[in-house]
Amino acid sequence: MATTIPNSLLKYSGTSSISDLLQSSSNGVNGVPLKSLGKTTRLGSSSLIRRRDLSVSALIKKGKKKDEHPWPEDADPNVKGGVLSHLSHFKPLKTKPKPVTLDFERPLMDLEKKIIDVRKMAQETGLDFSDQIIMLQNKYEQALKDLYTHLTPIQRVNIARHPNRPTFLDHVINITDKWVELHGDRAGYDDPAIVTGLGTIDGQRYMFIGQQKGRNTKENIQRNFGMPTPHGYRKALRMMYYADHHGFPIITFIDTPGAYADLRSEELGQGEAIAYNLRTMFGLKVPIVSIVIGEGGSGGALAIGCANKLLMMENAVFFVASPEACAAILWKSAKASPKAAEKLKITAPELCKLGICDGIIPEPLGGAHADSAWTSQQIKIAITEAMAELKKMDIPELLNHRMLKFRSLGGFQEGLPVEPEKKVNMKQKEEPIIQREEISKSSDIELEGEVEKLREQIMKARESSTELPKLGIDEMIEKLKREVDQEYAEAAKAMGLTDSLNKLRDEFLKSRKSSEQAMDPSLVEKIEKLKADFNLGLSEAPNYASLTYKLDMLKEISKAKKLSEQNEKAMTLKQEFNKRFKEVMNRADVKKKIEALEADIASARGSKDEALVKALKEKIVKVKKEVEFELADVLKSLRLDVDVVKSKTKALNEQIPLPDIKYRIDELNEDINEGIEEAISSTDLKNKIELLKLEMVKAGKTPDAETKNKIDALKQQIKQKLAEVLASSSLVEKHANLKEEIAQAVENSGDSDESILKEDLRYGDSGVGIAAGRIYS
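Worth saying up front: this structure is predicted, and the values here are computed from it rather than measured.

A. Region of interest: the overall build of the chain. In terms of helices and strands, the chain carries 29 helices and ten strands. Evaluated residue by residue, the chain yields a buried proportion of 33% over its 777 residues. Considering only contacts within the chain whose residues lie at least 6 apart along the sequence, 71% involve residues at least 24 apart. Surface accessibility of the chain: about 49,600 Å² in total, with carbon and sulfur atoms responsible for 54%.

In structure tokens:
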């Protein structure tokens, strides 16, 4: 065969190393061992002429012909990026990625499930639940906002590692007008973990370099989970030289756990490749902007991150070691990763304070994967603004700007005392975080048990005796106060306010030494400012839940102590009053009056003389008033306010018993209750009641005007429906007859039984109101 056949597979039966099987991007032959290719070329030039019996056989690959392009026959010429975009291996996924719920997002999933259930119920029943759905959606959005505005560092790490988080190529395709990918390090390999290419944004050409993770397991294996080998860093270096030569600004996207640290990568010079990139990037004469879109791990991220501007996504992290690795080194357990993430200061806001990050790119609530298109547009805006600032600089100014950025990294505090155990002796080990957590947990459980035991003792004392025993309430309150003070101290330490608090305490003590002078207004302002800062950040403290729990226990025990003191005081007053009452009633003059009165009543019993009965009544009232005044003097001696109320009760012989009427009232009330229960069980009224309950839950403690009007309208409808049901029965006639009999009995008996009869008939006049009240509760 005289000519070379493209896209051929040469037969080769010899052995070769892995490096020989790497694809060549310069000679057009795929899958050919490099050593055998060299031997075949030499044979074709000399030995083949002398030995006519030697032949090279080839298998022609089926499919496209020699002059065909590698894109499809019906390629769309208007596709974004031009026909070259058909060469890209990055295509939209055929199946939508499955939603992944992080551990701290599970409460949100419960609300989302409720919304789905209500919508399903609305479809099945045909009822209008739009108000309930809106209420649940508002509640979900508020919970989502509260959750994502108070994220802990380890939660941001989990979001940065989210399987559905947009990758480098997702963002590039969204923000560029045209895009073509460039391959190969010109040394025999194309590392898929680093992607490079040229693209335009608003007509301006840029060189894009980024670390690419996979969107599913298959892609992650192909991309090596975004961990580049030395070939990837050398490909990035080649494209940096290319951009520097042609004057293209460079944009790098960082998203890697770190450089691939296997034996082969170390043999091929992983450290040397990263170091060479670091040195080269400081000398490039074009503007460089780096964006951390996920996690930026160690030197693997820094190898393409020596830029004039380093920007970070809101939930991205940038670290020298992963929280798990740091926890395993310092605390001997990966379970301490939340504490390690907090101590490492790896989130975007903390890195901005240290001067490492130059800006934060916002993300939607729920993370970048919640709205990747919007997130990409925010990246585009940030790139445009950063490049507009850097393009104003000439080459010396640009290089100096890049150098000074890295010279001024980090935050420094001078004059702070060094902890004694960190000065010289480092032998004493810190107790493991797992053990401390278990001790703290067991201490809380023990404290809770003591509180519960004390609560039971208080309840038994109230039920069993009139006099409360001496309980250890004071000791428990003091213990809880110490626990709360310790929790406040830990919260202040976690927020970094301990030093400020100590300084302010010293100033306060100095100002209080001179009691004649008023407190300095500036000191008062400092105290108020520190108090505001502490209250603002208290909810984000790691021990916030424990602090609130212990505060609640302290409030409960203090309330129990106050009630016990009040009950004890009441018992003492009661005993003293009973003692004084007996003294008054046992006095000779009072006894004499009462005995004389009893003798007069006995002699007048059976008498029909109205004048005698009237005189006896007046005598009874007079003696009663005298006794009341004596008792009033007793109460005043106990320092109690006394208001002598005139008795409206008529004489016993003027009151008439009404047992039959009361029995009939009870019977009528039972009939009304049965009618109410039957009315409530009807379908129409039941639906209105359920709707009213949902509206009242939605309104909460402070309903707006519209919701209040809606609730009042529903209450009126329910009352009207109940009234209709009750009016349609025989209860109305019974009620009217009974009212006439009661009115007649009241006229005959006076007003003594009127209140009793009205009390017994409370359901008769307001049965609908009572039923509605039962419904609302």
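B. A look at helix α14 (residues 372-390). Over its 19 residues, α14 runs 27 Å from end to end, which matches the ideal 27 Å to within 8%, given 1.5 Å per residue. Inspection of α14 places Thr375, Ser376, Gln378, Ile379, Lys380, Ala382, Ile383, Ala386, Met387 and Leu390 among the buried residues, and these make up the whole buried set.

C. Structural view of unusual backbone geometry. Positive phi, normally seen in glycine, also occurs at asparagine 224, with a value near 60°. Relative to the assigned elements, asparagine 224 resides in the loop between α6 (217-222) and α7 (230-246). Given a relative accessible area of 19%, asparagine 224 falls into the buried group.

D. Quick peek at the side chain of glutamate 181. Within the secondary structure layout, glutamate 181 lies in strand β3 (residues 178-182). It turns out glutamate 181 is buried and unbridged, and the closest side chain with the opposite charge, arginine 223, is 5.1 Å from it. Setting aside anything within four residues of it in sequence, one finds glutamate 181 in contact with Ser88, Val195, Thr196 and Gly197.

E. View of the packing of helix α5 (residues 168-175) against α14. The N-to-C vectors of α5 and α14 enclose an angle of 70°; their axes lie 9 Å apart at closest approach. Considering the angle they form, α5 stands roughly perpendicular to α14. Residues Asp170, His171, Asn174 and Ile175 of α5 lie in contact with α14, whose contacting residues are Ser372, Ala373, Thr375, Ser376, Gln377, Ile379, Lys380 and Ile383.

F. Focus on the pattern of salt bridges. In total, this model carries 17 salt bridges according to the counting rule given. One salt bridge connects arginine 165 with glutamate 363, and the closest N-O pair in it is separated by 2.6 Å. Here arginine 165 is found in the loop between α4 (153-160) and α5, whereas its partner glutamate 363 is found in the loop between β10 (359-361) and α14, with 198 residues between them in sequence. Overall, arginine 165 belongs to the buried group, its relative accessible area being 7%. Since its relative accessible area comes to 7%, glutamate 363 is described here as buried. Two residues, lysine 213 and glutamate 295, come together in a salt bridge whose shortest N-O distance is 3.0 Å.

G. Just the confidence of the model for the chain, in detail. Residue-level pLDDT values for the chain average 75, and 71% of them are 70 or greater. For the chain, per-element mean pLDDT is lowest for strand β1 (residues 8-10), which scores 33, and highest for strand β6 (residues 250-256), which scores 96. This model gives residues 1-67 a pLDDT under 50, and the stretch forms 41 contacts once residues within four places in sequence are excluded. Low pLDDT, under 50, characterises residues 750-777; the stretch is placed with 51 contacts to residues that sit more than four places away or in other chains.

H. Here's a closer look at helix α21 (residues 544-585). Here α21 contains 42 residues, and its C-alpha end-to-end distance of 61 Å stays within 8% of the 62 Å for a straight helix at 1.5 Å per residue. Within α21 the residues assigned to the buried category are Ser546, Leu547, Lys550, Met553, Leu554, Ile557, Ala560, Ser564 and Val584.

I. Region of the structure containing a positive patch on the surface. Side chains of Lys343, Lys345, Lys353 and Lys493 sit close together on the surface and give a patch of like positive charge. Position of lysine 343 relative to the elements: it lies in helix α12 (residues 337-344).

J. Expanded view of the environment of methionine 312. Here methionine 312 shows up in strand β8 (residues 309-313). Look at methionine 312 and you get buried, because its relative accessible area is 0%. Linking methionine 312 and isoleucine 379, residues 67 residues apart in sequence, is a C-alpha distance of 9.5 Å. Once residues within four sequence positions are removed from consideration, methionine 312 is found in contact with Val292, Val317, Phe318, Ile346, Ala348, Leu351, Cys357, Gly359, Ile360 and Ile361.

K. Spotlight on the pairing of strand β5 (residues 204-211). Burial analysis of β5 places six of its eight residues in the buried class, which makes it a mostly covered element. Here strand β4 (residues 194-201) runs beside β5; their pairing, made up of eight bridges, is antiparallel. Directly across from valine 195, in β5, lies its bridge partner glycine 210. In sequence, β4 turns back onto β5 through a hairpin of two residues, with aspartate 202 there showing a positive phi of about 55°.

L. Focus on a negative patch on the surface. There is a patch of like negative charges on the surface, built from Glu667, Glu670, Glu674 and Glu678. If you trace the backbone, glutamate 674 turns up in helix α24 (residues 659-680).

M. Broad picture of the packing of aromatic side chains. Under the counting rule described, the total for this entry stands at nine aromatic pairs. Note on phenylalanine 208 and phenylalanine 253: the rings are 6.4 Å apart at their centroids and 35° apart in plane angle, and the pair reads as tilted. Residue phenylalanine 208 is found in strand β5, and its partner phenylalanine 253 is found in strand β6; the two are separated by 45 residues along the sequence. With a relative accessible area of 0%, phenylalanine 253 lands in the buried category.

N. Spatial organisation of the pairing of β4. Most of β4 sits inside the fold, with eight of its eight residues counted as buried. What you see with β4 is no split at all: Ile194, Thr196, Leu198 and Thr200 on one side and Val195, Gly197, Gly199 and Ile201 on the other are buried throughout. In terms of strand pairing, β3 meets β4 through five bridges, oriented antiparallel. Bridge pairing in β4 places lysine 178 opposite threonine 200.

O. Broad picture of the nonpolar core. Residues Phe208, Ile209, Ile250, Phe253, Ile291 and Ile383 are the most contacted members of the largest nonpolar core, which totals 57 residues. The element contributing the most residues to this core is α14, with six residues. Not counting the four nearest positions on each side in its chain, isoleucine 250 is found in contact with Met207, Ile209, Met240, Ala243, Leu284, Val286, Pro287, Ile288, Val289 and Met387. Among the nonpolar cores identified, the runner-up in size contains 18 residues, and Ile477, Val484, Ala491 and Ala541 belong to it.

So, how was this worked out
- Residues numbered from 1 in each chain as written.
- Predicted model: local features only at pLDDT ≥ 70, side-chain atom pairs only at ≥ 80, totals over all residues.
- Heavy atoms only, no water.
- Helix = DSSP H or I, 4+ residues; strand = E, 2+ residues; numbered from the N terminus.
- Buried < 20%, exposed > 50% of the residue type's maximum accessible area, 1.4 Å probe, protein only.
- Contact = heavy atoms within 4.5 Å.
- Areas by Shrake-Rupley, 256 points an atom, 1.4 Å probe, with all protein chains shown as cover.
- Expected span 1.5 Å × (residues − 1).
- Lys, Arg positive; Asp, Glu negative; His and termini not counted.
- Salt bridge = Lys/Arg side-chain N within 4 Å of Asp/Glu carboxyl O.
- Axes fitted to C-alpha atoms, helices over the stretch in contact; angles between N-to-C directions.
- Parallel < 35°, antiparallel > 145°, perpendicular 65-115°, else oblique.
- pLDDT = per-residue confidence, 0-100.
- Patch = residues over 30% accessible without salt bridge, like charges linked within 9 Å, V, L, I, M, F, W, Y side chains within 5 Å.
- Charge placed at Lys NZ, Arg CZ, Asp CG, Glu CD.
- Pairing = 2+ DSSP bridges.
- Phe/Tyr/Trp six-rings, centres within 6.5 Å; stacked < 30°, edge-to-face > 60°.
- Core = buried A, V, L, I, M, F, W, Y, C linked by side-chain atoms within 4.5 Å.

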